[in-house]
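Single-letter residue listing:
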Amino acid sequence: MRMAVVPGMEKKPLFYDEYKTTLGPEDLRKAKVELHEDDNSREPALAQIREYIAKHPQIVRCRTDSIFLLRFLRARKFNVQAACQMLDDWLITGWKAKDFFRFKPNEWDRFLDQALIVPVGPDEKGRMVIICRYGLFDAETVTAEDQIQLLTLVLESFIDTETYQINGMVVVLDFQGAKMAHFGMWTIPKLKTLMSATNDILPLRLKEIHLIQLPKYACVLLDFCLSVMKPKLQQRIKFHKTTDELKAAVDNSILPTIYGGSLSLEEANDRFRKRVAQERDRILLINEFDLDVTMPSPNAKNSHGAGLQSDLADEAVIGSFRKLNVD
């Protein structure tokens, strides 16, 4: 198996890599029309974001390779200032919420064996489709942090693939079998971390979110999520009561047979396991990003990096979700 090339983590390397596209003509056209990206805009934008990293007083270790930085530029349609802000937020969230976003590779197998979250392949629009069988998580032993780490593993396995940076991703959340305990683990602070990541720091184009068989007792949690979700993302959420409704909305060629499609979920999960093994060293770089928060941030309110401090509510304050902590 050919292992992926592992990028460096020096914030000011002696040399930067030269970008060479892996995109086909249609993706290049879409990048220009939708994201304002072409040969004239790309290099200056990469140079500016690299200069931002090099001069950032708090950044200690950070990737500066082209494909990593293009995550943020493409997610922000080549608005360099917005891309730098997104990178800042991504680094800060990874620093202050390590339990969510730092990998524990010795625990991967127990989740991968169960095919709980599986990338099943590109649909007819070139978007990676991800199936999450949320109701199959063991609510007694699996934490909210475990779930986000597994989802992050899926995203990190494919987010450096250029066609998905351009075309985006689609997530199908299947709640069949979910119990109250599955939702009770999501306290207000954890939900805020999740929604902040979804709204502001994920450097990808999340094109659709399909929810199937969502229990009525999860509505209070859903209402909270919708209340803090950006309107554009709200419009991309689709609700389905049955698998037939899902089939009508999603490309059937990449739907698993359990949803009436033609794809083997087991084969898709096996491909994913091989992908994780191939990309392992690059994926684990997420654990090596580092900040020095004793230094003043460009956006800090004081010399101790006040701009980086968490605005999450105290863990003890979980409001109406406390009543969900029963089975």
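Residues numbered from 1 in each chain as written. Predicted model: local features only at pLDDT ≥ 70, side-chain atom pairs only at ≥ 80, totals over all residues. Heavy atoms only, no water.

A.B. asks: Can you break down the overall build of the protein chain residue by residue, with the values?
C.D. replies: The number of helices and strands found in the protein chain is 14 helices and seven strands. Taken across its 327 residues, the protein chain has 52% of its residues classed as buried. (Helix = DSSP H or I, 4+ residues; strand = E, 2+ residues; numbered from the N terminus. Buried < 20%, exposed > 50% of the residue type's maximum accessible area, 1.4 Å probe, protein only.)

A.B. asks: Talk me through the pattern of salt bridges; I want residue IDs and the actual numbers.
C.D. replies: For side chains of opposite charge, pairing can occur when their charged atoms come near one another. Taken as a whole, this structure holds 24 salt bridges when the rule is applied. We note a salt bridge from glutamate 26 to arginine 29, for which the minimum N-O separation is 2.7 Å. In this pair, glutamate 26 and arginine 29 are both assigned in helix α1 (residues 25-35), three residues apart and thus about one turn of the helix distant. Residue arginine 29 is classed as partly exposed on the basis of its relative accessible area of 43%. Arginine 127 is the partner of glutamate 208 in a salt bridge, and the nearest nitrogen-oxygen pair spans 3.2 Å. (Salt bridge = Lys/Arg side-chain N within 4 Å of Asp/Glu carboxyl O.)

A.B. asks: Describe the sheet that holds strand β6 (residues 237-240), with residues and values.
C.D. replies: Taking strand neighbours across the sheet as the criterion, the five strands line up as β2-β3-β4-β5-β6 in an open arrangement whose pairing is mixed. Of all strands in the sheet, those bounded by a partner on one side alone are β2 (117-122) and β6. Across the sheet, the mean angle from the axis of one strand to that of its neighbour is 20 degrees, orientation sign disregarded. Sheet topology note: the strand β3 (residues 128-133)/strand β4 (residues 169-174) ladder contains six bridges and is parallel. Note that in β4 the partner of arginine 133 across the bridge is aspartate 174. (Pairing = 2+ DSSP bridges. Axes fitted to C-alpha atoms, helices over the stretch in contact; angles between N-to-C directions.)

A.B. asks: Report on the environment of lysine 30, specifying residues and quantitative values.
C.D. replies: Along the polypeptide, lysine 30 turns up in helix α1. Taking the relative accessible area as the measure of exposure, lysine 30 reaches 17% and is therefore buried. In this structure, lysine 30 is in contact with Leu35, Lys125, Ile166 and Asn167, ignoring residues within four places of it in sequence. (Contact = heavy atoms within 4.5 Å.)

A.B. asks: Explain the packing of aromatic side chains to me, using residue names and the numbers behind them.
C.D. replies: Scanning the entire structure with this criterion turns up 13 aromatic pairs. Taking 6.1 Å as the distance between ring centres and 75 degrees as the angle between the ring planes, the aromatic pair formed by phenylalanine 183 and tyrosine 217 counts as edge-to-face. One end of the pair, phenylalanine 183, is in helix α9 (residues 180-184); the other, tyrosine 217, is in the loop between β5 (206-212) and α11 (219-228), and 34 residues separate them in sequence. Tyrosine 217 sits in the partly exposed class, given a relative accessible area of 30%. (Phe/Tyr/Trp six-rings, centres within 6.5 Å; stacked < 30°, edge-to-face > 60°.)

A.B. asks: How would you summarise the nonpolar core if you had to cite specific residues and measurements?
C.D. replies: Across soluble globular proteins, nonpolar side chains show a tendency to be buried alongside one another. Judged by nonpolar contacts, the single largest core of 84 residues is most densely connected at Trp90, Leu153 and Trp186. If one sorts the elements of this core by residue count, helix α4 (residues 80-96) sits on top with eight residues. Two domains each put at least three residues into this core: domain 1 (25-101 + 287-291) and domain 2 (107-283). What leucine 153 contacts, discounting residues up to four positions off in sequence, is Phe103, Trp108, Leu112, Phe272, Val276 and Ile283. Val118, Val120, Val170 and Leu255 belong to the second largest nonpolar core, which has 16 residues in total. (Core = buried A, V, L, I, M, F, W, Y, C linked by side-chain atoms within 4.5 Å. Domains from an automatic or database assignment.)

A.B. asks: Now, about the environment of phenylalanine 289: what can you tell me, with residues and values included?
C.D. replies: Of note, phenylalanine 289 is situated in the loop between α14 (265-283) and β7 (290-291). Taking relative accessible area as the criterion, phenylalanine 289 reaches 7% and is therefore assigned buried. The contacts of phenylalanine 289, once residues within four sequence positions are left out, are Met9, Arg61, Cys62, Arg63, Phe68, Trp90, Leu91 and Arg102.

A.B. asks: Describe the confidence of the model for the protein chain, with residues and values.
C.D. replies: Model confidence for the protein chain is summarised by a mean pLDDT of 87, while 90% of its residues fall at 70 or above. Across the protein chain, the element-wise mean pLDDT spans from 84 in α11 up to 98 in helix α3 (residues 66-75). (pLDDT = per-residue confidence, 0-100.)

A.B. asks: Give me the environment of cysteine 225: which residues, what numbers.
C.D. replies: Its location among the elements puts cysteine 225 in helix α11. Classification of cysteine 225 by relative accessible area gives buried; the value is 10%. Spatially, the C-alpha atom of cysteine 225 lies 8.5 Å from that of lysine 192, the residues being 33 residues apart in sequence. What cysteine 225 contacts, discounting residues up to four positions off in sequence, is Leu191 and Met195.

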